[in-house]
Amino acid sequence: MTAGPLEGIRILEVGHILAGPYATMMLADLGAEVTKIEPPSGDLSRQVSDAYFASLNRGKRSICVDLTTTEGQARLGELAAESHALLVNLKPSAIHRYGLTYDALRRWNDKIVCVALTGYGLDEGDDPAFDYVIQAVTGVAALTGDPAGPPTLPGYSAADNSTGLAAALGLLAQIISGRGGQVEVSLRDVMLSQLNYRASAYLNEGTEPRRMPFGAHPYYVPAQLFPTAEGHLALFITHDGFWRKFAAEAGIEGFPTMAERAERRDEVLAVVTAALAADSATGWEFRLRPLGVPAAAVRSLPDALAATPEMIATAGDFRLVGSPIRVAGFDPNYGPPPRLGEHGGLPVHS
């Protein structure tokens, strides 16, 4: 069994709740040694629930440091001197106040990589920037949901998780460069980036973004959710080869090209909806998957977890979703989430 690809990389984390801890957990899963620098009160996610905290902090170390004190600042410098990177997820004023930037820490280690994960940017002020707020401000909420209903939010923290992954990428890129320095990643910028083709259509063609029924794709037809005899089916027909196979199975004639299907969207959706009413969502999935047609019945999370037991990992006393990154010859060692101050600082209370 080989060591993890990040074996020997030491990363410090300062932050709360989700985006930053998710980023460093992904790195810990790949073998990095991640040390949470927590205040005496701990990461706020400890107050949500033990399972919530575990889902973001497995396999890490915890050191309690009061960064508001002279002693705490000295300890921060000692830790920075022996670390490759620091990832901080706090409001900008706190990042500057606690000396969690490259300019503040370079005297201890000029090779350290400092990643600031913020709402709008390290120099853009302290306006609150939680996940749902960012989805509202960037246009994500306005694009989600039925056009006849209100804007909608997805059922998970899409902005936080996406920004965590971007922050991990930025951290690793700067480490690979061999240079220390400051890296910035903001929730706002990441979510705007993820609206890539929607933004491009507006910026270059003047196409106003709009919500589509059943989450329909703006370009591909049919590519959306469809009601069936029982349950809903996600069908994603892009090229003409997919359409030919689907149409033959569903008994549909006509609309042979992508351009024609887009131009005659309403007609296509009507005949597809009528055809899909002849079977259940799982029935259509069973019929279409062997043909290579992208389709899946809408499932609950419990059903999805039951169907993928290989994705369930054990970390101490917790069962969690494991790392999505597979490296040949390496199996992550999912350690338990740390107790507050378990590896230094305040006494640990069981």
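Rules and cut-offs
Residue numbering note: each chain is counted from 1, following its sequence as written. Local features in this predicted model are restricted to residues whose pLDDT is 70 or higher, and side-chain atom pairs enter the listing and the counts only when it is 80 or higher, whereas totals over whole chains, interfaces and linings include all residues. As a rule here, side-chain values come from all non-hydrogen atoms in the structure, and water together with hydrogens is ignored. The way it works is that DSSP assigns letters per residue, a run of H or I at least four long becomes a helix, a run of E at least two long becomes a strand, and they are numbered from the N terminus. For every residue, the accessible area (1.4 Å probe, protein chains only) is compared with the maximum for its type, and the residue is labelled buried under 20%, exposed over 50%, or partly exposed between those bounds. Here, residues are in contact when the closest pair of their heavy atoms is within 4.5 Å. Each accessible area is a Shrake-Rupley estimate made with a 1.4 Å probe; only the visible protein chains count as cover when residues are assessed. Only four residue types enter the tally: Lys and Arg on the positive side, Asp and Glu on the negative side; His and the chain ends are excluded. Charge positions are represented by NZ for Lys, CZ for Arg, CG for Asp and CD for Glu. Salt bridges are counted wherever a side-chain nitrogen of Lys or Arg sits within 4 Å of a carboxyl oxygen of Asp or Glu. Paired strands, in this sense, are two strands between which DSSP finds at least two bridges. Axes, fitted as lines to C-alpha atoms, cover a helix only where it is in contact. Angles between the N-to-C directions of the axes lie from 0 to 180 degrees. The domain limits used here are those given by an automatic or database domain assignment. Only centres within 6.5 Å qualify two rings of Phe, Tyr or Trp (six-membered ring in Trp) as a pair; their planes then separate them into stacked at under 30 degrees, edge-to-face at over 60, and tilted for everything else. In plain words, nonpolar cores are sets of buried Ala, Val, Leu, Ile, Met, Phe, Trp, Tyr and Cys residues tied together by side-chain atoms within 4.5 Å. Oblique is the label for any angle not under 35 degrees, not over 145, and not in the 65 to 115 range, which are roughly parallel, roughly antiparallel and roughly perpendicular in turn. In this scheme the handedness of a crossing depends on how the near helix is turned from the far one: anticlockwise by less than a right angle means left-handed, clockwise means right-handed. Any residue outside Ala, Val, Leu, Ile, Met, Phe, Trp, Tyr, Cys, Pro, Asp, Glu, Lys and Arg is labelled polar, Gly included; the first ten of those are nonpolar and the last four are charged.

(A) Focus on the overall build of the protein chain. Check the secondary structure of the protein chain and you find 14 helices and eleven strands. Taking all 350 residues of the protein chain together, 44% fall into the buried category. Counted over contacts in the protein chain with a minimum sequence separation of 6, partners at least 24 positions apart contribute 66%. Surface exposure of the protein chain reaches about 17700 Å², of which carbon and sulfur atoms provide 56%. Computed over 28 positive and 39 negative side-chain charges, the separation of the two mean positions in the protein chain equals 3 Å.

(B) Examining the pattern of salt bridges more closely. Scanning the model with the defined rule gives 14 salt bridges in all. Of the charged contacts in the structure, one is a salt bridge between R264 and E260, with a shortest N-O distance of 2.6 Å. On the accessibility criterion, R264 (30% relative accessible area) is partly exposed. The partly exposed category is assigned to E260, whose relative accessible area is 22%. One continuous salt-bridge network, built from bridges that share partners, spans E13, K36, D43 and K60.

(C) Spotlight on the sheet that holds strand β8 (residues 232–236). A sheet is described by the order of its strands in space; here three strands give the open sequence β7-β8-β9, paired in antiparallel fashion. Two strands lie at the open edges of the sheet, namely β7 (223–227) and β9 (295–297), each paired on one side alone. Geometrically, the sheet is characterised by an average inter-axis angle of 20° between neighbouring strands, direction not taken into account.

(D) The domain arrangement of the protein chain, seen in detail. Along its sequence, the protein chain is organised into domain 1 (10–194 + 310–321) and domain 2 (232–297). Computed from C-alpha atoms alone, the centre-to-centre distance between domain 1 and domain 2 is 42 Å.

(E) Quick look at helix α2 (residues 50–57). Residues of α2 that are buried include every one of F53, A54, L56 and N57, and no others. For α2, the secondary structure elements touched by its buried residues are β1 (10–15), α1 (19–29), β2 (33–38) and β11 (318–321).

(F) Geometry of the packing of aromatic side chains. Under the definition given, this model contains four aromatic pairs. Each ring, one from Y197 and one from Y219, has its centre 6.0 Å from the other, and the planes form 50°; the classification is tilted. A residue pair is termed long-range when its members are at least 10 positions apart, and Y197 in helix α9 (residues 196–205) and Y219 in the loop between α9 and β7 qualify at 22 residues. Given a relative accessible area of 39%, Y219 falls into the partly exposed group. Seen in terms of ring centroids, W243 and F255 are 6.4 Å apart; in terms of plane orientation they differ by 80°. Their pairing is edge-to-face. Here the residue W243 occupies a position in helix α10 (residues 240–250), and F255 occupies one in the loop between α10 and α11 (258–263), the gap between them amounting to twelve residues.

(G) The nonpolar core, seen in detail. If you look at the biggest cluster of nonpolar residues, it comprises 30 residues, and the most contacted ones within it are I11, L27, A32, V115, I134, A167 and L171. Taken together, the elements giving at least two residues each to this core come down to α1, β4 (85–89), β5 (113–118), α7 (158–177), β6 (181–186) and α8 (187–194). In this structure A167 touches A23, L87, V115, L117 and V185, once residues within four positions along its chain are discounted. F255, V268, L269 and L288 belong to the second-largest nonpolar core, a separate cluster that totals 23 residues.

(H) Spotlight on the packing of α10 against helix α12 (residues 265–276). Put simply, α10 and α12 touch, their axes get as near as 10 Å, and they point 50° apart. Judged by the angle between their axes, α10 and α12 are oblique. You can see that α10 and α12 cross each other, and the crossing is left-handed. Along the contact surface, α10 presents W243, F246 and A250, while α12 presents V268, V272, A275 and L276. Of the residues assigned to the contact of α10 with α12, the class counts are seven nonpolar, no polar and no charged.

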